[in-house]
Amino acid sequence: MRLVLVVAAALVDADGRVLMAQRPEGKALAGLWEFPGGKVEPGERPEETLIRELAEELGIEVREPCLAPLTFASHAYPDFHLLMPLYICRRWEGIPQSREGQALRWQRPGALRDLPMPPADLPLIPFLIDLLGP
């Protein structure tokens, strides 16, 4: 089975809410809510991927020291296995805006389960609740 490495960020605002992005129509798992991020390209480190993806998807600038690894997801989909480190980020430059047609929503950690999410993302929620509270 093919291993796919994707990296994601839990962007946390001053009120302890987490930014979620809805997968746009035409993409796999369209309509589901996920943590922003993307596939690690050959030769990239996960932190470099996140910095690039957050700039492309949300128009924000993140510096590597502002990314703190929290946990990871390991999930078997029918045609590949996903490994996804999740980083916490509390500091960035700019205001997150949709750059790829995706809806964005700030959500309290305890309310993340109210959003339909990909199965790989669900096990990450308790770690965010432990860190940030409900």
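It should be emphasised that the depicted structure is a prediction, and the values quoted were computed from it without experimental measurement.

(A) Fine view of the pattern of salt bridges. For the structure on display, the rule yields eight salt bridges. It is possible to trace a salt-bridge network through shared partners that takes in Glu44, Arg52, Glu53 and Glu56.

(B) Broad picture of unusual backbone geometry. We note that leucine 29 has phi near 60°; this positive angle belongs to a residue other than glycine. The topology assignment puts leucine 29 in the loop between strand E2 (18-22) and strand E3 (33-34). Judged by its relative accessible area of 37%, leucine 29 is partly exposed.

(C) The arrangement of the layout of surface pockets in detail. When its volume is computed, the largest pocket comes out at roughly 620 Å³. Taken together, 28 residues form the lining of the largest pocket, with Val6, Arg23, Glu34, Gly38 and Lys39 sitting closest to its centre. Only strand E1 (2-11), E2, strand E4 (37-39), helix H1 (46-58) and strand E6 (80-89) provide two or more residues apiece to the lining of the largest pocket. Here the lining of the largest pocket gets five residues from one element, more than from any other, and that element is E1. Residues of the lining of the largest pocket, tallied by class, amount to 15 nonpolar, four polar and nine charged.

(D) Representation of the confidence of the model for the protein in the model. When the pLDDT values of the protein are averaged, the result is 95; 100% of them are 70 or greater. Of all secondary-structure elements in the protein, the lowest mean pLDDT belongs to E4, at 95, while strand E7 (residues 104-107) reaches the highest, 98.

Reading the values: the criteria
Residues numbered from 1 in each chain as written. Predicted model: local features only at pLDDT ≥ 70, side-chain atom pairs only at ≥ 80, totals over all residues. Heavy atoms only, no water. Salt bridge = Lys/Arg side-chain N within 4 Å of Asp/Glu carboxyl O. Helix = DSSP H or I, 4+ residues; strand = E, 2+ residues; numbered from the N terminus. Buried < 20%, exposed > 50% of the residue type's maximum accessible area, 1.4 Å probe, protein only. 1 Å grid on protein atoms, 1.4 Å probe; cavity = no way out; pocket = protein on both sides within 12 Å on 5 of 7 lines; lining within 4 Å. Points joined across faces, edges and corners; volume = space filled by probe spheres on them. Nonpolar A, V, L, I, M, F, W, Y, C, P; charged D, E, K, R; others polar. pLDDT = per-residue confidence, 0-100.

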